[in-house]
Amino acid sequence: MIATTSLLPSPKQSAVFNSGHRFSDRFFCSIPSGFVSNLGFGLDRSLSTAEGPRMMEYFRRIGGGWFRGGNGKALKVEADSCGEDIFDAASANARDPPDHLVIMVNGIVGSSADWRYAAEQFVKKLPEKVIVHRSECNYSKLTFDGVDLMGERLAKEVLGVVKHKPEVRKISFVAHSLGGLVARYAIARLYEHLPKLDLSSLSGNSSSQGHMNTVQCPEQPHEARIAGLEPMNFITFATPHLGSRGNKQLPFLCGLSFLERRASQTAHFIVGRTGKHLFLTDNDGGKPPLLVQMVNDSDDLKFISALRAFKRRVAYANANYDHMVGWRTSSIRRQHELPKRR
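Calculation criteria
- Residues numbered from 1 in each chain as written.
- Predicted model: local features only at pLDDT ≥ 70, side-chain atom pairs only at ≥ 80, totals over all residues.
- Heavy atoms only, no water.
- Helix = DSSP H or I, 4+ residues; strand = E, 2+ residues; numbered from the N terminus.
- Buried < 20%, exposed > 50% of the residue type's maximum accessible area, 1.4 Å probe, protein only.
- Contact = heavy atoms within 4.5 Å.
- Core = buried A, V, L, I, M, F, W, Y, C linked by side-chain atoms within 4.5 Å.
- pLDDT = per-residue confidence, 0-100.
- Pairing = 2+ DSSP bridges.
- Right-handed = clockwise from strand over helix to strand, strands pointing away.
- Phe/Tyr/Trp six-rings, centres within 6.5 Å; stacked < 30°, edge-to-face > 60°.
- Polar contact = N/O pair within 3.5 Å; in protein donor to acceptor, adjacent residues only side chain to side chain.
- Expected span 1.5 Å × (residues − 1).

Once that is clear, we can look at the overall build of the protein chain. Counting its secondary structure elements, the protein chain contains 10 helices and 16 strands. Here the protein chain, with 342 residues, has 51% of them falling under the buried criterion. Contacts spanning at least 24 positions in sequence make up 69% of the contacts within the protein chain whose residues lie at least 6 apart.

This is the structure:
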């Protein structure tokens, strides 16, 4: 059973889903019934997890290729220095090609292969709408470099994808575990607040006083953009938004306080700067821990403004059977708000 929380609106809103749990070849994944419809794409079909076919890895190596999805449609895999994109071959050549870019981000010690099956399912169910990009810039031990460095790499990767896909107009992020924090950092770097270009709304009254002319224009409306695109959906699965410090926030330690204290003190020896960020023990340059900084906008990184720019913001949290990320940190809720099993 997992629950979903809207990241910015009232924490009172939640929905609990019965879901199937399976192990992929990289991580424990749980996808609820109605997941695609919750992304706002207008579908009610459910996604289920399964082990992705190894055939996809072959196409990645050769730099692009074709394969047929379960519905018989040809899907194309296109790889370049920015990573791997999956899209419907016929739709890509249509008069109106897919204009919605979906960025999928893996978690700690993961790789783009973690999203292999889910990426294929997205394209199969939404062939005329989406291009799915599985991020490749943070994998294996690179996920130990810290949320900030990983976020900078992801932002650079997204800009590269957008540059090579001039037809895209919208962007969504779907991230697992640590990848959710990385994506939150990246969107803050990619956030822009641009004036709406509407020349018809401009008016001016000119008056002459001596040699001076003045033009009065109304204030222009602004709109938020992520990497120059319209932000649509920001979705996280089992992401430790509040870090891993605290009772039962690293569930496999069984809530034993002496083990939790020791983990907080030694995590950076195992997973580098990422461990410091997750346990809020970093204070680079005397600043507050990075995850604390990420709950507000700063001068150069608009963490909350970027998140608010998305039309839909959802955090999926495992209510049980998750041994790595606790309920409170992934759902941004208090322990007593844990939903009862149905």
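After presenting the structure, the write-up continues.
Attention now goes to the nonpolar core. Counting residues in hydrophobic clusters, the biggest one holds 47 residues, and the most contacted among them are Leu101, Leu154, Val158, Phe173 and Ile226. When contributions to this core are tallied by element, the ones reaching two or more residues are strand S8 (100–105), helix H5 (147–164), strand S10 (170–176), helix H6 (178–190), strand S14 (222–226), helix H7 (257–278), helix H8 (290–293) and helix H9 (303–308). The dominant element in this core, judged by the number of residues it contributes, is H6, at nine residues. Beyond its immediate sequence surroundings of up to four residues, isoleucine 226 is in contact with Ile171, Phe173, Ile187, Leu190, Tyr191, Pro231, Ala306 and Phe310. In terms of nonpolar packing, the next biggest core, distinct from the first, is built from 18 residues, Ile86, Val102, Val123 and Val130 among them.

What follows is about helix H4 (residues 116–125). Counted residue by residue, H4 has eight buried out of 10 residues, so it is predominantly covered. Within H4, the full set of buried residues consists of Arg116, Ala118, Ala119, Glu120, Gln121, Phe122, Val123 and Lys124.

When glycine is set aside, most residues are seen to have a negative phi, and most peptide bonds are trans. Unusually for a residue other than glycine, serine 177 sits at a positive phi of about 55°. Looking at where serine 177 falls in the secondary structure, it is placed in the loop between S10 and H6.

When pLDDT is averaged along the protein chain, the result is 77, and 68% of the positions lie at 70 or above. Confidence drops under pLDDT 50 across residues 9–35; counting only partners more than four residues distant or on other chains, this segment forms 77 contacts. For residues 199–215, every residue scores under 50 in pLDDT, and the model assigns this stretch 16 contacts once sequence neighbours within four places are set aside.

The element strand S9 (residues 130–134) is largely enclosed, with a buried count of five among its five residues. Alternating positions in S9 separate into two faces, Val130, Val132 and Arg134 on one and Ile131 and His133 on the other, with burial throughout. Across five bridges, S8 lies against S9 in parallel orientation. Paired with methionine 104 across the strands is arginine 134, a residue of S9. As for the winding sense of the linkage, the β-α-β connection from S8 through H4 to S9 is right-handed.

We now examine the packing of aromatic side chains. Applying the stated criterion across every chain yields a total of six aromatic pairs. Ring geometry for phenylalanine 173 and phenylalanine 310: centres 6.1 Å apart, planes at 80°, overall edge-to-face. Note that phenylalanine 173 is positioned in strand S10 and phenylalanine 310 in the loop between H9 and strand S16 (312–318), a separation of 137 residues in sequence. The class for phenylalanine 310 is buried, based on a relative accessible area of 1%. Taking 5.8 Å as the distance between ring centres and 55° as the angle between the ring planes, the aromatic pair formed by tyrosine 185 and phenylalanine 303 counts as tilted. Pair noted here: tyrosine 185 is in helix H6 and phenylalanine 303 is in helix H9, with a separation of 118 residues, a long-range link.

What follows deals with the environment of serine 172. Turning to its location among the elements, serine 172 is positioned in strand S10. Through-space distance from the C-alpha of serine 172 to that of valine 102 is 4.8 Å; in sequence the pair is 70 residues apart. The contacts of serine 172, once residues within four sequence positions are left out, are His100, Leu101, Val102, Ile103, Met232 and Asn233. In this structure the side chain of serine 172 is engaged in a polar contact, spanning 2.9 Å, whose partner is the side chain of asparagine 233.

This part covers H5. Over its 18 residues, H5 runs 26 Å from end to end, which matches the ideal 26 Å to within 8%, given 1.5 Å per residue. Within the span of H5, buried status applies to Val147, Asp148, Met150, Gly151, Leu154, Ala155, Glu157, Val158, Gly160, Val161 and Val162.

Quick look at the side chain of asparagine 318 now. Residue placement: asparagine 318 occurs in strand S16. Classification of asparagine 318 as buried rests on a relative accessible area of 9%. A polar side-chain atom of asparagine 318 sits 3.0 Å from a polar atom in the side chain of aspartate 322.

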